[in-house]
Amino acid sequence: MPKFSPPISQVGEFVVHSTDGLARQGTLSTAHGDIQTPIFMPVGTQGSVKALSPHDLEEINTQIILGNTYHLYLRPGDELIKRRGGLHQFMRWEKPILTDSGGFQVFSLKDIRKISEQGVEFRSYLDGSKHFFSPEKAVEIQQNLGSDIIMVLDECVGYGADKDYTQKSLERTTRWAARCREFHPKGHNSQLLFGIIQGGFFKDLRELSLAQLQEIDFDGLAIGGLSVGESTAEMYDILHHIAPLMPKDKPRYLMGVGTPLDILEGIEAGVDMFDCVLPTRNARNGTLFTSQGKINIKRAEFREDDSPLDPNCSCYTCRNFSKAYLRHLYTAGEILSYRLNTLHNLAFFLDTVAKARKAIKEQNFSQLKASYQDIFKARA
RNA sequence: GGUGGGGUUCCCGAGUGGCCAAAGGGAACAGACUGUAAAUCUGUCGGCGUACGCCUUCGGAGGUUCAAAUCCUCCCCCCACCA
């Protein structure tokens, strides 16, 4: 008789281990390993989390990173990456990868794209050439990239869109989502497929979007179209309305959010996954997140400050370098500045969600959130 | 010693009678950044005043003019080439 071994979790399985209010702590299984949620996912648009190596990412306990369909398709090309053995092999990152579909580029590159029922036509910002993304094409690219989690092609609608347009857009996004699922059947290639809720800042439209997507069997659902220019209050309003209505037995992903406070707000509303360029971009621009609040490392006050960036952080940057040195590196434009700053900011974000997971297990999440509010609210 | 070219606001540098507190860049000082066209972008940057404005400033001193960073005289300093 073979020795008893615990059941191997199935790819796509999502198990909630504990809850604290609406907040959940769980595990999502993917082809490249399990993810402990709630989790923050560093953004590595072009097959690289800017300024960091996979080794750096491992060191700060990164569980999963993002890649971008649109950017990797344009350069170096998804077929080329497929021939190199897929994105994991190409960039030498062995843990899970989630790829965004290009839906965000529908928003961010709105001046050089055209939307139709069939899909989105983009003009390349690199050379002006035209490229058509159908929902199927967006998925096919992600299949070639070999990501663990594929996002459906959606239209991320900007802030200020009227209700009529928002509804038409959301319903088209739903039709695109159905086409994605059809093109990528459940379990195919061990790649999960997530749908994306749209509906702008209209609660009934958010509910409509959710209801339509629930007709389709996705492996997880995302909230898209937030933090596109609205106030924090408006964002939280939609977040708290829709997140609790989402299926409890599937991972919930809040796309593109956010600040440490936003993330905790999302966790409180029952969200499991987050991504944002904020920690990486701000690191490169000198804004660092610490247990003492936001610090602009280029400020003159740090010129001769020998203290560590964050005395409560155990990352490589904080273990070794003074604020005075980090300020010098930034001011001098040294490459190392980008790496040390990015390493720290991501460590801080990953530490935040690790604390959240612990707090949920220990039933004291609201205390954790309150402590972060004390740190970051005063400076806002 | 001769000839030519220069000295401009923290630095480089434009400006050759009024539209000049003086382009542009840098530095400095602040701010922004939320599914990355971002190692990017924005603001301030002689002093005082909320503002119309007033005061000080373009190597130094003096002069011409209603008006000078800009024209004239003398002086000081720098650079290039020739002796």
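None of the values given here were measured: they were computed from a predicted structure.

Description of helix α7 (residues 163–183)
With 21 residues, α7 extends 30 Å between its outermost C-alpha atoms, agreeing within 8% with the 30 Å of an ideal straight helix rising 1.5 Å per residue. Taken together, the buried positions of α7 are T166, S169, L170, R172, T173, T174, W176, A177, R179, C180 and R181. Residues of α7 that are buried in the fold lie against β7 (113–116), β8 (119–123), α6 (135–145), β11 (192–197) and α8 (203–214). You can read the cap of α7 off the contacts: a side-chain oxygen lies 3.1 Å from the backbone nitrogen of D164, and it is on D162.

What to know about the nonpolar core
In terms of nonpolar packing, the biggest core is built from 105 residues, with Y253 and I267 touching the most fellow members. Of all the elements, helix α14 (residues 335–361) adds the most residues to this core, at 11 residues. Once residues within four sequence positions are removed from consideration, I267 is found in contact with L22, A23, P38, F274, V353, A356, I360 and F365.

Quick word on the packing of aromatic side chains
The full count for this structure, using the stated rule, is 15 aromatic pairs. For the ring pair F289 and F349, a centre distance of 5.2 Å and an interplane angle of 85° mean the geometry is edge-to-face. In this pair, F289 is assigned in strand β15 (residues 287–290) and F349 in helix α14, connecting sequence segments 60 residues apart. Of the two residues examined, F289 and F349, each falls in the buried class. Taking the centre distance of 6.0 Å and the plane angle of 50° together, the rings of F348 and Y372 count as tilted. Linking F348 in helix α14 with Y372 in helix α15 (residues 365–377), this pair joins segments that are 24 residues apart in sequence. Take F348: its relative accessible area is 4%, and that puts it in the buried class. Taken together, F40, F289, F348, F349, Y372 and F376 form an aromatic cluster joined through their ring pairs.

Topic: the sheet that holds strand β2 (residues 23–30)
Ordered in space as β1-β2-β3, the three strands form an open sheet in which the pairing is antiparallel. Across the chains shown, the open sheet's two edge strands, defined by having one partner strand only, are β1 (14–20) and β3 (33–37). Shown here is a sheet whose adjacent strand axes are inclined to one another by a mean of 10°, direction ignored. The sheet contact formed by β1 and β2 spans six bridges and is antiparallel. When the sheet's bridge partners are listed, V15 is paired in β2 with T27.

Some details on the protein's contact with RNA strand B
Within the structure, RNA strand B sits among 43 residues, and C156, S227, R284, T287 and Y338 are positioned closest to it. Of all atoms in RNA strand B that approach within 4 Å of the protein, 49% are sugar or phosphate atoms. One of the side-chain N or O atoms of D100 is found 3.1 Å from a base nitrogen in RNA strand B. Taking D275, its side chain carries an N or O atom lying 3.1 Å from a sugar or linking oxygen of RNA strand B. Contributing elements (two or more residues each) for the surface near RNA strand B: β5 (65–68), α5 (103–108), β14 (273–276), α11 (278–284) and α13 (323–332). The element contributing the most residues to the surface near RNA strand B is α11, with five residues.

Regarding the pairing of β15
Of the two faces of β15, the one lined by T287 and F289 and the one lined by L288 and T290 are each fully buried. Relative to strand β16 (residues 293–296), β15 is paired through four bridges, and the arrangement is antiparallel. When the sheet's bridge partners are listed, F289 is paired in β16 with K294.

Reading the values: rules and limits
Residues numbered from 1 in each chain as written. Chains lettered and ligands numbered in written order. Predicted model: local features only at pLDDT ≥ 70, side-chain atom pairs only at ≥ 80, totals over all residues. Heavy atoms only, no water. Helix = DSSP H or I, 4+ residues; strand = E, 2+ residues; numbered from the N terminus. Expected span 1.5 Å × (residues − 1). Buried < 20%, exposed > 50% of the residue type's maximum accessible area, 1.4 Å probe, protein only. Contact = heavy atoms within 4.5 Å. Polar contact = N/O pair within 3.5 Å; in protein donor to acceptor, adjacent residues only side chain to side chain. Core = buried A, V, L, I, M, F, W, Y, C linked by side-chain atoms within 4.5 Å. Phe/Tyr/Trp six-rings, centres within 6.5 Å; stacked < 30°, edge-to-face > 60°. Pairing = 2+ DSSP bridges. Axes fitted to C-alpha atoms, helices over the stretch in contact; angles between N-to-C directions. Near = heavy atom within 4 Å.

By themselves, these figures tell us nothing about what the structure is for.
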